[in-house]
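A structural walkthrough
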Amino acid sequence: MRSQNISLLRGSVRNFQWVLDECPVGHPDRAAALTNLAWARLERCIRKDLRDIDSTTTLFRDALALRPQGHPDRPLSLYHLTEALNWRYNNQHTTADIGESARLYNELLPLCPEGSYLRSIATEGNGVDNVIRACNDLPRVGSDEGIELRRAVLELCPLDHQHRPRALEELSEALSTRFVQHGSIDDLEEGIQLYREVISLPGIPHHATYLSNLASALRDRFHHQGTSHDLDEAICLHKEALCLHPVGDVFRDRSLDNLGAALWIRFTQRGNIRDIDEAIKLYREALTLSQPLHAIRDITLNNLAVALKTRYDKLDAREDLNEAINLHRESLRFKQLDDPGRHKTLCNLSAALYSRFMDTRENEDIEEAIDLCQQSLTALPSLHPGRWFCYKWLMMAYLARYRVQDLDNPADLLLAVENFRQASRHPTQGFPRRIEVALWWVDAAEDDKRESALEAYHTCFELLDSHLVTRSSTTSRREAAAAFSNVRTLPVDATSCALRHHNLQEAVELVEKGRGQQWSLASRLRTPLEDLESANPNLAHKFLELSKSAAERAATEYRQLMKEWDAVVADIRDLKGFSRFLLPPSYEDLQAAASHGPIIILNASKYSCDALIVPTSGQPHHVPFPSLSVADLEMLKKDFAREIKHANLMSPTEPRKTLRALLRKVWDMIMLPIVNILQHDLKLQRRSRIWLCPTAAFTSIPLHAANSFKRKNPDRPGMEPCLEDLYICSYTPTLSALIRSRQTMKTRSGTPSFVAIGQSQPGAGQGTVLADVDSELELVHKLLPPNAEFTYLSGAKATRAGALEALQHNTWVHLACHGTQDHEQPYNSRFAMKDQPLTLLDIMENNAPQAEFAFLSACHTAVGDEKTPDEVIHLAAGLQFSGFKSVIGTLWVVDDAVVKHIVKVFYEKMFTDSKEGDHIMDCTKAASALNHATHVVPKKEVPLEQRIVFIHIGV
């Protein structure tokens, strides 16, 4: 009977072939003829005559090609082709067939209304559900094609579909695999969102597995980005999953293992000994549940060993380390040479042997450690993430062997440096891990006084910049930077390194590259585009639109936007004259900051304390302070803080002997050697402008007030002057900030506008009543030139929103109120208003390109951030960033009862041209006017600490 049916089918095939031959290309019935012939051949295949299945599938494809989008018979042709592909997959198991079938169903189903015959046959039996199950059972791969297949399957599973949880899991796992292979954070982000959807679905089976998978993805993101709440959430999820695997559950050991791994990670980050003790306890329980041939016993052995080695590193318990080595060796016995996880065990054993070598100095341990890592490297392809761990432990091992054995032979040190270089640049790892390696490289190179130290510093800055640019907000960028303990001193240490290698220009570039990183990243979104608009208006417009969008987008969208932004920047750099667009400035670029007078950079590093003078032209000048250390500066800083606090309790007429002695010390130890260079080498004329750019502890010392107090000079006739007798002294947070302020100076069009903002009675919790604020504002009004438009904002009108609007729409501002520097959260530093405070973050986001001058008659407006002092994150710098070119700020508490004396003399000088007698409004006169005011005010009414509290920042 079977042979008879096949014989009939063969006859049908011949007949349908004759019909097709009668329907040449272009014939209206050719598609139908192709379909009939294909069905006859498929029926013959189904009846076990397996010949011609490939040509049969091709016939269905040809028929589909003749029925394009919109053709009434296209749905039927789509269905026919899926049937052929499904049959071929069921018999030949070709992944491409089932994947293509899934994609065809995604086109077919929307064309088939609910209840239609075609939809019913497509969704029953061996139809869509069979394709979904087959795809879900395919091996997980992280290729682009594999992920697209998983996406197609997910599209076939609407929200209430029984296979949707599995489809979500398969796509997430494929994305995770690609993340491990290539390190793209976007894959990881998408996978996390998919798992969040899975665990939100009601009544899903295998809930504990999905919880664990989400937790593992969050751990990966923590490693890649360093966001601490990811790790905390992962631990909570692993604990929840463990509760779903009680004692006796077959999967309890895996859950114990996962939670132990997360707790181990948290211990390495925060050092709470309870975390590592609990992790070891969990691993030991998991080990008792796994028999010698258990599938994951080797993993548990390895994890327990890593935890014990970590506890040894913390507590120096030798028994932990020896047990760890034995456990690693036992784990390695489970690993075949082709085992994809073998490299991890090799590296972990290498790390444990390295630790024992550092303790016992037994040569065989370090030799084996190096050999194990080299074995691992040999087995891994060039872009495998595991290579990073090999590089990491090789660099540590070579460095250890060099220091213990080969101090006279630099070969091991060169090998260590090469592995530092490879590990810090390996693209599959997240920036936090690579930054940590680069920081270790810095320490190693500095300890051994090697040339590679400068390369290591540059690598740190580049990685840190790339890491911070992935954060979408100013505060998140600061938090990301503060997460690295050694980053705080990186700029000053890098500058010191360049000076010790006599690279003065590079020292200037490095201090600028590292300092003010928060400002420079934020300023990318505010880059002046006039020149670019002239060269290429289309690129300028595209860059501007992306920059505006980047400032508004959420974190998940921000990264994709930054990829587009980077591509546009690359196109801009291809333009003639724009090759360094947004790149760190060169020395020649930075020297533009000194166009109106030299810049004095004061660098305080644990390696050396120095000054760098950037002249208007020519090479920088180095002023070393060999007898000055960071500890000396920290002590001087504390002495000033204590004495200022004491002086504020004294009457104005009492002598400030201790404060005078401190200012004399600043003159002798710091400013006099600099003045000697300015006078003798640079021949700088008296009363010339100079700019101070202090770093680290220098930022809290009133350098501008350095004074010999007319002490006799034994080497010269006459008396020694103070710094401000010699020069008009200003500050700048960075050289780039000063350059930016000058670049945005424009010829004013229209009448200058001046707003006086005062708040004598701030809102609840913002400070006490300031009795003299209103009289200060009235005084300012009287002193203004008649051509200035004046606005008065006080009392109930001096709100946060009102102050922001005033700052945005006026060119000149006088602000009198309480000011507070928040040392823990510097972007929350604030001015007290009637309703709620006006914060530094508010000011930074308040772009005011037309702004010129701001006088901040408030406390602590120019005091840096304790955690990242080289970022100069304070209120005065924020106003400069928002657009104000010239700013008067304060270093400590302002006495509102005496400040009016400074204000009166300052504005009188500011608005009068002594030669012509004309009233002018020129913000570049502010430094000279402040210098004049501190000298002229009555000393009996304005004590020394109040005369030197104000500083000038900017042009």
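Given the structure is predicted, the values throughout are model-derived calculations rather than measurements.

This brings us to the overall build of the chain. Counting its regular elements, the chain contains 41 helices and 14 strands. Here the chain holds 955 residues, and 56% of them are scored as buried. Counting contacts in the chain only where the partners sit at least 6 residues apart, residues at least 24 apart contribute 69% of the total. Accessible area of the chain: about 41,500 Å², with a carbon and sulfur share of 52%.

With that out of the way, let us pick up the nonpolar core. Counting residues in each nonpolar core, the largest one holds 180 residues, and the members touching the most others are I670, I674 and F906. Those residues in contact with I674 that lie beyond four places of it in its chain are I600, L602, A611, I613, V623 and F625. Counting residues in hydrophobic clusters, the runner-up holds 68 residues, among them L37, L81, V153 and L156.

Moving on: the side chain of T811. Mapped onto the secondary structure, T811 falls in the loop between helix 36 (800-809) and strand 8 (812-816). From its side chain, T811 meets the backbone oxygen of S753 in a polar contact 2.9 Å long. Sequence-distant contacts of T811, defined by excluding residues within four places in its chain, comprise P752, S753, Q850, A851, E852, F853 and F884.

Attention shifts here to unusual backbone geometry. Negative phi is the rule for most residues except glycine; trans is the rule for most peptide bonds. Positive phi is not limited to glycine here, since R361 has a value of about 65 degrees. Within the secondary structure, R361 sits in the loop between helix 17 (342-360) and helix 18 (363-379). Take R361: its relative accessible area is 42%, and that puts it in the partly exposed class. Unlike most non-glycine residues, A696 shows phi in positive territory, near 50 degrees. Tracing the sequence through the fold places A696 in the loop between strand 4 (688-694) and helix 33 (723-726).

The next subject is the pairing of strand 14 (residues 950-954). Of all 5 residues that make up strand 14, 5 are buried, and the element is covered over most of its length. Two elements, strand 13 (residues 886-890) and strand 14, share 5 bridges in a ladder whose sense is antiparallel. Across the sheet, T890 pairs through a bridge with F950, a residue of strand 14.

Before going further, it helps to examine helix 22 (residues 452-468). Spanning 17 residues, helix 22 covers 24 Å between terminal C-alpha atoms, matching the ideal 24 Å at 1.5 Å per step. Of all 17 residues that make up helix 22, 14 are buried, and the element is covered over most of its length.

Tallied over the entire structure, the rule returns 16 aromatic pairs. Each ring, one from W388 and one from F389, has its centre 4.9 Å from the other, and the planes form 90 degrees; the classification is edge-to-face. The exposure class assigned to F389 is partly exposed, which follows from its relative accessible area of 29%. With a centroid separation of 5.8 Å and an interplanar angle of 45 degrees, the aromatic rings of W812 and F911 are classed as tilted. With a gap of 99 residues between them, W812 in strand 8 and F911 in the loop between helix 39 (899-910) and helix 40 (926-936) connect regions that are remote in the sequence. When sorted by exposure, W812 lands in the same class as F911, which is buried.

A separate point is the sheet that holds strand 11 (residues 838-839). In space, the 3 strands of this open sheet follow the order 9-10-11, with antiparallel pairing throughout. Every other strand in the sheet has two partners, leaving strand 9 (819-820) and strand 11 as the edge strands with one partner each.

Under the criterion given, the structure shown has 0 disulfides. C157 provides the cysteine sulfur closest to C135, a residue in no disulfide bond, and the two sulfurs are 9.5 Å apart.

This next bit is on helix 17. Taking 1.5 Å per residue as the helical rise, helix 17 with its 19 residues ought to reach 27 Å, and the 27 Å between its terminal C-alpha atoms agrees with that figure. Just downstream of helix 17, R361 is the residue with a positive phi angle, here 65 degrees.

Of the residues in the chain, 88% reach a pLDDT of 70 or more, and the chain-wide mean stands at 85. Within the chain, the element-level pLDDT minimum falls on helix 26 (residues 517-523), averaging 58, and the maximum on strand 3 (residues 621-624), averaging 98. Note that pLDDT drops below 50 for residues 714-718; the model gives that stretch 5 contacts with residues more than four away or on any other chain.

On to the packing of helix 9 (residues 164-182) against helix 11 (residues 207-225), then. Interaxial distance between helix 9 and helix 11 falls to 12 Å at its minimum, and their mutual angle equals 25 degrees. By the angle class used here, helix 9 and helix 11 are roughly parallel. You can see that helix 9 and helix 11 cross each other, and the crossing is left-handed. Along the contact surface, helix 9 presents P165, R166, E169, E173 and F179, while helix 11 presents T209, Y210, N213, D220 and H224. Classifying every residue of the contact of helix 9 with helix 11 by side-chain character gives 3 nonpolar, 3 polar and 4 charged.

The geometry of helix 14 (residues 273-289) relative to helix 15 (residues 297-315) is characterised by a closest axis approach of 9 Å and an angle of 155 degrees between their N-to-C directions. Taken as axis vectors, helix 14 and helix 15 run roughly antiparallel relative to one another. The interaxial crossing formed by helix 14 with helix 15 has left-handed handedness. Of helix 15, the residues touching helix 14 (which contributes I273, I276, D277, I280, Y283, R284, A286 and L287) are R297, T300, L301, N303, L304, A307, L308, T310, R311, K314 and L315.

Cut-offs and rules
Residues numbered from 1 in each chain as written. Predicted model: local features only at pLDDT ≥ 70, side-chain atom pairs only at ≥ 80, totals over all residues. Heavy atoms only, no water. Helix = DSSP H or I, 4+ residues; strand = E, 2+ residues; numbered from the N terminus. Buried < 20%, exposed > 50% of the residue type's maximum accessible area, 1.4 Å probe, protein only. Contact = heavy atoms within 4.5 Å. Areas by Shrake-Rupley, 256 points an atom, 1.4 Å probe, with all protein chains shown as cover. Core = buried A, V, L, I, M, F, W, Y, C linked by side-chain atoms within 4.5 Å. Polar contact = N/O pair within 3.5 Å; in protein donor to acceptor, adjacent residues only side chain to side chain. Pairing = 2+ DSSP bridges. Expected span 1.5 Å × (residues − 1). Phe/Tyr/Trp six-rings, centres within 6.5 Å; stacked < 30°, edge-to-face > 60°. Disulfide = S-S within 2.5 Å. pLDDT = per-residue confidence, 0-100. Axes fitted to C-alpha atoms, helices over the stretch in contact; angles between N-to-C directions. Parallel < 35°, antiparallel > 145°, perpendicular 65-115°, else oblique. Left-handed = near helix turned anticlockwise from the far one by under 90°. Nonpolar A, V, L, I, M, F, W, Y, C, P; charged D, E, K, R; others polar.

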